[in-house]
There are 2 protein chains.
Amino acid sequence: MDDARGRLAAAAVEAFADNGFHATTTRDIASRAGMSPAALYVHHRSKEGLLFALSRDGHLAALDVVTEAAARHDDPTARLQAMIHDFTQWHAEHSKTARIVQYELAALTPDHLAEVARHRRAIERTVREVLEEGVARGEFEVADVPGTALAMLSLAVDLVRWYEPGGSRSPQQLADLYAGLALRMARPL
Amino acid sequence: MDDARGRLAAAAVEAFADNGFHATTTRDIASRAGMSPAALYVHHRSKEGLLFALSRDGHLAALDVVTEAAARHDDPTARLQAMIHDFTQWHAEHSKTARIVQYELAALTPDHLAEVARHRRAIERTVREVLEEGVARGEFEVADVPGTALAMLSLAVDLVRWYEPGGSRSPQQLADLYAGLALRMARPL
DNA sequence: CAGGTCATCCTAAGCGCTTGCTTAGCACCT
DNA sequence: AGGTGCTAAGCAAGCGCTTAGGATGACCTG
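Here we summarise the structure given alongside this text. (Residues numbered from 1 in each chain as written. Chains lettered and ligands numbered in written order. Predicted model: local features only at pLDDT ≥ 70, side-chain atom pairs only at ≥ 80, totals over all residues. Heavy atoms only, no water.)

Describing the pattern of salt bridges
In the structure shown here, the tally under the stated rule is 20 salt bridges over all chains. Its salt-bridge partner being A:R161, residue A:D158 comes within 2.8 Å of it at the nearest N-O pair. Taken together, the positions of A:D158 and A:R161, both in helix α8 (residues 145-162) and three residues apart, correspond to about one turn of that helix. Two residues, B:D18 and B:K96, come together in a salt bridge whose shortest N-O distance is 2.9 Å. Within this pair, whereas B:D18 is found in helix α1 (residues 4-19), its partner B:K96 is found in helix α6 (residues 95-103), the two being separated by 78 residues in sequence. (Salt bridge = Lys/Arg side-chain N within 4 Å of Asp/Glu carboxyl O. Helix = DSSP H or I, 4+ residues; strand = E, 2+ residues; numbered from the N terminus.)

This is the structure we're talking about:
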C-alpha cells in the first residue's frame, strides 16, 4: 500500500502512547500496521531505534513550534504569550506523540538520550530568554527566571498525562488558559 | 530480620521509580530486598498488587498533606499558599514514591485504579474549593476554577519528572517558588 | 525443663509463556 | 538479473508466578 514506513511509525505512536514503551511488543506494533513482526526490522535497527525516531521528530516539532511563535513577536509579553499558547496547543493536538516525547526518555540509549536532551535544553533556553528580556525591559517581575521557565513548560508537559481528545477542554481553550496563567506568573506585582 | 515486608516495599519503590513498573522484574525487587524472587509472593498476590499497595499509601499520604495544610488556615490566600507549598514539598521529598503515584496509574487493574482515582479527585476537589471560596470573598480572580486548580497541581506533579535529590533546588525552595506562582495565578489582576 | 507440634516465613527449582530479534527465502518491480 | 520489501518460522533468553519443602521460633504437654 502507501508508505509502509509511515504506517509503522503511526502504529508505534499509538502503541507507545497507549501502553508505554516497555509494555508495547513489537508484535503489537506490527499488527497495528498490518505487517509481520519482522517488518519492523526492515525499517529500524531495533524497537528502541523506532522509539528514538519518533522521539527525535517529536522534539524537533515541539522546538519548531516554540521558535516560530517567538519569532512572530517583538515585545516579551506578546512573545511569551504566543510561545506558551502554541506549545500548549501542540501538546494537546499531538498528545500521543507528546506523551512519547515527555515520558519515554528513560527508554532511550545514552547516545539517543543525549541528542534529544539537546533539543529539550533549546526549548528551555528560549523560554528563559524571553523572561530575561521581559525583566530587563520592566515588563516582567520574576525572581527565579530558570525556575519560572520550568514551571511554565510544566503546565503544557503535564497536560499530556491526563489530556484526552474530545474531552471538556479543546486544545485552543487549554492554550488560552495556560498562556494566560504564564503571563500572570511573570507580570509585575 | 527486621520487617521483611517493609524492606520489600522500599526495594520496590526504588525499582519502580528508577525503571518504571513494566521494566522492573520481580527478581530485581527481590534481590534489592535481599530475598529470593518467591518471597514477593509471600507478602503480595502479584507484582501489580505490590504496586497498588505503594500507590494507595502514596495517594493517602499526599491527600493527607493537602488536607492538613488546608486545615491550618482560614483565609483562602494563606490556605492556598500552604496547600501548594506542602504538596510541592511532599513531591520533592518523596519523589520516588510520588513518581509511582503519578506515573504508574496505567499499570493498575481497573479495581485498583478506581480506588486511587477517588483519592486523586479528593485532592483536586480540595484545591477547587479553596479557589472558589477565594473568588467568593474577592481575594482571588479566577475565570476557570477547575482548569486553574489542575494547573496548580500540575506544577508539583511535573516536578517528579525531573527532580533529583541533591540538585540545585531544595524541596523548600521549590515549595516556596510554586506556592508563590500559584498565588500569582489566583491574585486579582 | 525436655520433647513434640504447629504456624510463619522463606528458598530452590522450575513451568509455561512471551519477548526482541534473526534467518532464509519468496514476490515483485525495473 | 538484480535490488527491494516483505513474511514464515523459530531461537535463546527472560518473564511472572507456582510448588514443595526447609528453617526458625513460640507454645503446649508430660
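Some words on the packing of aromatic side chains
Per the stated rule, a full pass over the model turns up three aromatic pairs over all chains. Taking the centre distance of 5.3 Å and the plane angle of 50° together, the rings of A:F16 and A:F21 count as tilted. As far as the burial class goes, A:F16 and A:F21 line up, both buried. Both rings, one in A:Y103 and one in B:Y103, keep their centres 5.0 Å apart while their planes meet at 50°; by these two values the pair is tilted. Taken together, the residues A:Y103 in helix α6 (residues 95-103) and B:Y103 in helix α6 connect one chain to another. Taking the relative accessible area as the measure of exposure, A:Y103 reaches 22% and is therefore partly exposed. Cation over ring: A:K47 sits above A:F21, and NZ or CZ is 4.5 Å from the ring centre. (Phe/Tyr/Trp six-rings, centres within 6.5 Å; stacked < 30°, edge-to-face > 60°. Buried < 20%, exposed > 50% of the residue type's maximum accessible area, 1.4 Å probe, protein only. Lys NZ or Arg CZ within 6 Å of the ring centre and 35° of its normal.)

Quick notes on the relation of the copies chain A and chain B
For the pair of chain copies, the relating operation is a rotation around an axis with a shift along it. With an RMSD of 0.0 Å, the fit of chain A onto chain B corresponds to turning through 180° and sliding 0.0 Å along the axis. Such a turn and shift between the copies fits a two-fold axis. Comparing interface residues between copies, 100% of those in chain A also lie at the interface in chain B; the contact surface is shared. (Least-squares fit on C-alpha atoms with pLDDT ≥ 70 in both. Contact = heavy atoms within 4.5 Å.)

Observations concerning the side chain of A:R99
Within the element layout of this structure, A:R99 appears in helix α6. With near-sequence residues (within four places) excluded, A:R99 lies in contact with A:A17, A:E104, A:V160, A:Y163 and A:E164.

Considering the protein's contact with DNA strand D
In the neighbourhood of DNA strand D, 16 residues make up the surrounding shell, with A:A4, A:H43, B:T25, B:Y41 and B:K47 lying closest. Sugar and phosphate atoms form 54% of the subset of DNA strand D atoms that lie within 4 Å of the protein. Here a phosphate oxygen of DNA strand D and a backbone polar atom of B:T24 are 3.2 Å apart. Of all the secondary structure elements, the ones that give two or more residues to the surface near DNA strand D are α3 (40-43) of chain A together with α2 (26-32) of chain B. Classifying every residue of the surface near DNA strand D by side-chain character gives seven nonpolar, six polar and three charged. (Near = heavy atom within 4 Å. Polar contact = N/O pair within 3.5 Å; in protein donor to acceptor, adjacent residues only side chain to side chain. Nonpolar A, V, L, I, M, F, W, Y, C, P; charged D, E, K, R; others polar.)

Some thoughts on the environment of A:S36
Residue and element names in this part refer to chain A. Secondary-structure assignment places S36 in the loop between α2 (26-32) and α3. Taking the relative accessible area as the measure of exposure, S36 reaches 42% and is therefore partly exposed. Along the backbone, S36 and T26 are 10 residues apart, and their C-alpha atoms lie at a distance of 9.4 Å.

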